[in-house]
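In case you want the letters, here they are:
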Amino acid sequence: MPASESSATPAPVSVPELDPRLRAAIDDDLVALRQGAALWSRSSIVERIRALSATRDAVGTAAADWAGIAARAKGLAPDHPLRGEEWLSGPYAVLGALDGYLATLRRIAAGGSPLDGVRLDRAPGDRIRAHVFPREPIDNLLLSGFTGEIWLRPGTDASTAIRRAGLAQVTPGAAGVGLVLGAGNISAIPVLDVLYELLAFDRVSLLKVNPTQDALVPVFERALAPLIGRGLVRIVRGGGDVGAYLTAHEGIEHVHITGSAATFDAIVWGDRDRTTDEPQLKAPITAELGGVSPIIVVPGEWTDADLRFQAAHIATMRLHNSGHNCIAGQVVLMSADWPQREQFLRALHEAYRDAPVRPVWYPRADERLHALTVTYPSAEWSAGHSRALVQVAPGEDATELETTEYFAPVLGVVELAGTGQEFLDAAVAHANESLAGTLGANVIVDPDTEDAMGAGFERAIAELRYGGIAINAWTGVLFATPVLSWGAFPGSDVREVGSGIGVVHNTSLLADVERSVLRGPFRPFPRSLGPGRFSVLPTPPWFVSARTAAAVSEGLTRYRVDRNPLGLALTLIRAMGA
């Protein structure tokens, strides 16, 4: 008998007793959502556009409070240089998603396809690649020099991609009521997940916020008021007892979680054996669960300015949000044979050490940092012993570093042999085989080296088994560019979930998504005037080293809200001082 067909009688799911008033309120929410789902399934495309437009206005009105409350909750003072992170990873990302969904709906309303005007071509491995970014003029301003592609699964042809684009907005139907278990680290995530459920599947959502974001609930209620008023969203607070009650509730027809694999397993399996038993969760589930993200540094001939810039880039990948990111770069894979190895390592240590100090605020992060002191006693600590850089010595075991998602300021360096294509192929294989998870990978390569590898470079990118790949960019920027998809590489299931199941964002609503690839400039302005991609951006505002990041991030978000060209001009002037 196959293991999945065990004859053992499944143990009953233990559902905690809730306060009767809370239980009644949740049940009332589910009744309202069922009514809202029925109305949404019958709504016209014009009515849907109206609902999203009103939501966009509401998010814009709430944006300043949103960013301010999120920053305070993370211990960032009003004058802290990194408070701009809460603008970009909160209302800015949500406004970008709403703009993308509205553009998709308007194309459908006009009788077109979400892929109208999008260039489709071939990627290695019998894949169709949709060049979805930049799509609108604003994209060229806010992310100058960046381009993004969605790669579809092998075997999907162009006609199928065009026919299926739009998902539930082309073939609407009542998908019922879903539960969204919101992340606790990045404030845009719960809202972005709710929007994707609604647009991709016609599924309304009961959003349970993580307790770390309780302070943002009033902001979420204001931002989502047009959807709440239509019975499309309800928001509840609570801990694990509320989550357990909801995941076992017969009124929940689907669950989506952003969190850890341990939490996923607790929801799906409880005390059951995932190798032999049937899941305790009866509803289907999708998930985004993180992992250990590589930063592949392809050796080349870099200037001193290149070394400093890319070192700051890598420090940002790890230290954004104090490292409490599922997509934080954690392991630098670099060449032991690179002639500039020592220069690069000096620049990296300096950038990591000198980045602004901020609280390590996420629950239990201090425990993971303490565990590192035991496993890697030679780690270099900085920022008041709140961040660590582990340079794995030859012969030292890197397993713990490569398989533990620290979710804290821990950056590792692992060296591999080779240069050029030999190194890149080895780094890709190492990332695929040794690092936990498949959510996101980062690749840094100078234009001359990339050109020298030619088709071999694209073949190596195709071999990377990650759902998001950023080339001369950070996958955190890919996350905040919601026209691109976000999620683990396909292939996981509830028994071996890895980095998750399914995708979100994807505002063009493409089917059969395998991955997204974001490409950025190797050098900032004015050095971008040389070989490679041109960009008007100096130090990008998401860099932890950007001096004007807070003002620029706020200005970019406000431009998303009001499209005021004078405000944008002033913001770009500030950016030049970064």
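Parameters and conventions
- Residues numbered from 1 in each chain as written.
- Predicted model: local features only at pLDDT ≥ 70, side-chain atom pairs only at ≥ 80, totals over all residues.
- Heavy atoms only, no water.
- Pairing = 2+ DSSP bridges.
- Helix = DSSP H or I, 4+ residues; strand = E, 2+ residues; numbered from the N terminus.
- Axes fitted to C-alpha atoms, helices over the stretch in contact; angles between N-to-C directions.
- Contact = heavy atoms within 4.5 Å.
- Salt bridge = Lys/Arg side-chain N within 4 Å of Asp/Glu carboxyl O.
- Buried < 20%, exposed > 50% of the residue type's maximum accessible area, 1.4 Å probe, protein only.
- Core = buried A, V, L, I, M, F, W, Y, C linked by side-chain atoms within 4.5 Å.

Undergrad: Hey, could you run me through the sheet that holds strand E19 (residues 513-519) in this one?
TA: The strands making up a sheet are joined through hydrogen bonds of the backbone, oriented either antiparallel or parallel. Taken together, 11 strands build an open sheet; the order of strands is E1-E2-E3-E19-E15-E14-E9-E10-E13-E12-E11 and the sheet is mixed. Taken across any chain shown, the strands that pair with only one partner, and hence form the sheet edges, are strand E1 (119-123) and strand E11 (380-382). The mean angle between the axes of side-by-side strands here comes to 20 degrees, regardless of whether they run parallel or antiparallel. As defined by bridge partners, strand E3 (residues 147-152) adjoins E19 across six bridges and the pair is classed as antiparallel. Residue Ile150 lies in a different strand from E19, and its bridge partner there is Ser516. Contacting strand E9 (293-297), strand E10 (329-335), strand E12 (387-391), strand E13 (410-416) and strand E14 (440-444), helix H11 (residues 304-319) runs over the sheet at an angle of about 170 degrees to E14.

Undergrad: How do you make sense of the pattern of salt bridges when you look at a structure like this?
TA: Throughout the structure, instances matching the rule amount to 31 salt bridges. A salt bridge links Glu149 to Arg519; the shortest N-O distance between them is 2.5 Å. Placement of Glu149 in strand E3 and of Arg519 in strand E19 is noted, with a sequence separation of 370 residues between them. Each member of the pair, Glu149 as well as Arg519, carries the same accessibility label: buried. In this structure, the salt-bridge partner of Glu415 is Arg341, at a minimum N-O distance of 2.7 Å. On the criterion of sequence distance, the pair formed by Glu415 in strand E13 and Arg341 in helix H12 (residues 341-354) is long-range, its members being 74 residues apart. Exposure remark for Glu415: the relative accessible area of 23% places this residue in the partly exposed category. Salt bridges here are not isolated pairs; linked through shared partners, they connect Arg119, Asp121, Arg129, Glu149, Glu458 and Arg519.

Undergrad: What is the right way to look at the nonpolar core in this model?
TA: A general trend in soluble globular proteins is that nonpolar side chains are found buried together. Judged by nonpolar contacts, the single largest core of 148 residues is most densely connected at Val332 and Phe344. If we ignore the near neighbours within four places in the chain, the residues touching Val332 are Ile295, Val297, Ile314, Phe344, Leu348, Leu411, Gly412, Val413 and Val414. Ranked by size, the runner-up nonpolar core spans 41 residues in total, among them Val331, Leu333, Ala365 and Leu435.

Fair warning: the whole summary comes from geometry, so function is off the table for now.
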